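# A look at the structure
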Amino acid sequence: MEDRINQEKIPFRTLYGGEKIPCMGIGTFGSDKYGAEAVSQAVYGAVKYGYRLIDCASVYQNEKEIGEVLERLLAEKAVERKELFITSKVWNDMHGEGKVLASCKQSLADLKLDYVDLYFVHWPFPNYHAPGCDGDSRNPDAKPFSVEEFMATWKQCEELVDQGLARYIGMSNMTVPKLKAVLPLCRIKPAALEMELHPSFQQPELFDYAVSHNILPIGYCPIGSPSRPERDRTAEDVADIELPAVVAAARAHQVHPAVICLKWAVQRGQVPIPFSVKESQYISNLKCATEDPLTVEEMEAIRLEDKNCRLIKGQVFLWEGASGWEDLWDMEGRLKC
Ligand SMILES: NC(=O)c1ccc[n+]([C@@H]2O[C@H](COP(=O)([O-])OP(=O)(O)OC[C@H]3O[C@@H](n4cnc5c(N)ncnc54)[C@H](OP(=O)(O)O)[C@@H]3O)[C@@H](O)[C@H]2O)c1
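Every chain is numbered independently, its residues counted from 1 as its sequence is written. At least 70 in pLDDT is required for a residue's local features to be given in this predicted model, at least 80 for side-chain atom pairs to be given and counted, and no such filter applies to totals for whole chains, interfaces and linings, which use all residues.

It is worth spelling out the pairing of strand β5 (residues 85-90) at this point. Residue burial is a threshold on neighbouring C-beta atoms within 10 Å of the residue's own C-beta, all placed from the backbone, with 20 or more meaning buried, 12 or fewer meaning exposed, and counts in between meaning partly exposed. Secondary structure elements are defined from DSSP: runs of H or I of at least 4 residues count as helices, runs of E of at least 2 residues count as strands, and each element is numbered from the N terminus. The buried fraction of β5 amounts to 6 of the 6 residues, a majority that puts the element mostly inside the structure. Alternating residues of β5 divide into Phe85, Thr87 and Lys89 and Ile86, Ser88 and Val90, and every residue in both groups is buried. Two elements, strand β4 (residues 53-55) and β5, share 3 bridges in a ladder whose sense is parallel. Considered in β5, the bridge of Ile54 is made with Ile86. Place the viewer so that the strands point away; then a crossover is right-handed whenever the path from the first strand over the helix to the second strand goes clockwise. Between the parallel pair β4 and β5, the chain is carried across by helix α2 (residues 63-75), and the sense of this crossover is right-handed. Of the pairings in the sheet, the one linking β5 to strand β6 (residues 116-121) comprises 4 bridges and is parallel in character. By the bridge assignment, Thr87 is partnered in β6 with Leu118. For the crossover that starts at β5, traverses helix α3 (residues 99-111) and ends in the parallel β6, the hand is right-handed. We call two strands paired when DSSP finds no fewer than two bridges between them.

This part takes up the site of the ligand. Think of it this way: take the backbone, place a C-beta atom on it, and check whether that atom is within 6 Å of the molecule or strand, in which case the residue is near it. Around the ligand sit 30 residues in total, of which Gly27, Tyr220, Ile223, Ser225 and Phe275 are the nearest. Elements supplying a minimum of two residues to the shell around the ligand: α8 (257-268) and α9 (279-287). Considering every element that reaches the shell around the ligand, the biggest residue donor is α9, with 3 residues. Throughout, the ten residues Ala, Val, Leu, Ile, Met, Phe, Trp, Tyr, Cys and Pro are labelled nonpolar, Asp, Glu, Lys and Arg are labelled charged, and all others, Gly among them, are labelled polar. Classifying every residue of the shell around the ligand gives 12 nonpolar, 14 polar and 4 charged.

The next subject is the sheet that holds strand β3 (residues 26-27). Spatially, β3-β4-β5-β6-β7-β8-β9-β10 is the arrangement adopted by the 8 strands of the open sheet, whose pairing is parallel. Only two strands of the sheet have a single neighbouring strand rather than two, namely β3 and β10 (271-272). Two strands pair when backbone bridges link them, and strand β7 (residues 166-172) and strand β8 (residues 192-196) are joined in this way by 3 bridges, in the parallel orientation. Along β8, the bridge assignment pairs Gly170 with Ala192. For every residue pair, C-beta atoms are placed from the backbone, and the pair is scored as a contact if these atoms sit within 7 Å. Here an axis means a line fitted to C-alpha atoms, over the contact stretch when the element is a helix, while the angle between two N-to-C directions is reported on a 0 to 180 degree scale. Contacting β5, β6 and β7, α3 runs over the sheet at an angle of about 140° to β5.

With that settled, consider helix α4 (residues 147-162). Helices are assigned an expected span. That span is 1.5 Å times one less than the residue count. The end-to-end C-alpha distance of α4, which contains 16 residues, comes to 22 Å, matching closely the 22 Å that a straight helix rising 1.5 Å per residue would cover. Within α4, burial applies to Phe150, Thr153, Trp154, Gln156, Cys157 and Leu160. Mapping the buried residues of α4 onto a view down its axis gives an arc of 150°, with all of them on the same face. Opposite the packed face of α4, turned more than 90 degrees from it, sit the exposed residues Glu148 and Asp162. In this fold, the buried residues of α4 make contact with α3, β6, β7 and α5 (176-182). Immediately downstream of α4, the backbone of Gly164 shows phi near 75°, a positive value. Note that the arc is computed from the directions linking the helix axis to the C-beta atoms.

Turning to its location among the elements, Ala250 is positioned in helix α7 (residues 244-253). Each C-alpha atom, one on Ala250 and one on Cys261, is 9.3 Å from the other, the two residues being 11 residues apart in sequence. Not counting residues up to four positions away in its chain, the partners in contact with Ala250 are Val255, His256, Pro257 and Ile260.

We now examine the packing of helix α1 (residues 36-49) against α9. Following both chains from N to C, one finds α1 and α9 inclined at 40°, their axes separated by 10 Å at the closest point. Here α1 is positioned oblique relative to α9, judged by the angle of their axes. Remark: the crossing between α1 and α9 carries right-handed chirality. For the pair α1 and α9, contact is made by Ala42, Gly45, Ala46 and Tyr49 and by Glu279, Tyr282, Ile283 and Leu286, respectively. Classifying every residue of the contact of α1 with α9 gives 6 nonpolar, 1 polar and 1 charged. An angle below 35 degrees is treated as roughly parallel, one above 145 as roughly antiparallel, one from 65 to 115 as roughly perpendicular, and anything else as oblique. Left-handed describes a crossing in which the near helix is turned anticlockwise from the far one by less than a right angle; the clockwise case is right-handed.

We now examine the environment of Tyr60. The topology assignment puts Tyr60 in the loop between β4 and α2. When the C-alpha positions of Tyr60 and His253 are compared, they lie 34 Å apart, and in sequence the two are 193 residues distant. Once residues lying within four places of it in the same chain are set aside, the contact partners of Tyr60 are Thr28, Phe29 and Gly30.

Looking now at unusual backbone geometry. The phi dihedral of Asp32 falls on the positive side, at around 60°, and the residue is not glycine. Checked against the element boundaries, Asp32 lands in the loop between β3 and α1. Phi at Asn308 is positive, roughly 50°, even though this residue is not glycine. Relative to the assigned elements, Asn308 resides in the segment after α10 (296-303). According to the C-beta neighbour criterion, Asn308 is exposed, with 11 such atoms within 10 Å.

Without other data, these values stay purely geometric and don't point to any function.
So this is what it looks like as structure tokens:
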């Protein structure tokens, strides 16, 4: 492997309260394509190379294997626990009373940690689908978003902070109307918002709303998730790595278009969490944040590529009577609660 990266060269972002975290992390969702062993081996190599932020979730079904490599890395003194920033997430079937604590404790046991650095509510409703399901599957118990139900889940997350099991808590897959409804009710504010962000889906309104409330945007699918599961593909989807401004910048900088998506993300100010099990990819991904930035003109050309193209539409979480996946994202400006 290439020499480990110099940590001092990696730009950082600041959480409320002043803590610094790296400007990029590594994702761990194998997209039903890469198994737990491949993903955990990538985490091992990535931490050795210099990644410090690892985006985990119970539903990715690989926290146990990732825990084993974390234990190994700490035993080998490749890294100290306090240098790492590990996230996990409560899945939709664990929102009920007392279940968030149980879910977090299970993730901690699997990850072999005493605490996670950031614990997310993965989706803002308890609608569950089985891992690996197809795009047409629906759960008859699925319900629309409810402020009351969400806050019951969030209060349990606040208790995780009180108990020292999570240092920060965050929300994921939110919208501006949902944030407006819940933020005033939070005793402990979210430190970060995990949201889909890539050149063809820039979510400027939500991004600006988060930043203006001192909530760090963490960008998932930063390369446009070229290996995403079938259930998350539709004919209208745009491929970010084929966008003209991305391809032009890739030629100018002599890198893969995926790397341009990441440079754009870092320079815009979000924290991308690209996934890769391939050493050459995850090395070039983190390295690109430390060298050869995009020009102001390239940044602007990529900004203009926004096509409002959401890839992870979440249709498997829809409830009976919903008119379409747009309902999950308050796209008519109505908050159904
Ligand atoms: N909060 C949420 O609801 C949520 C939802 C989705 C994802 N996430 C998180 O976000 C992470 C990233 O999203 P994602 O995995 O869907 O999409 P992504 O990071 O946009 O795409 C990952 C894919 O891009 C390709 N790639 C990576 N680096 C590359 C490089 N340097 N050159 C060329 N190709 C490259 C690889 O494809 P090949 O393997 O085909 O080479 C890899 O599988 C996930 O792993 C997960 O941790 C969170």
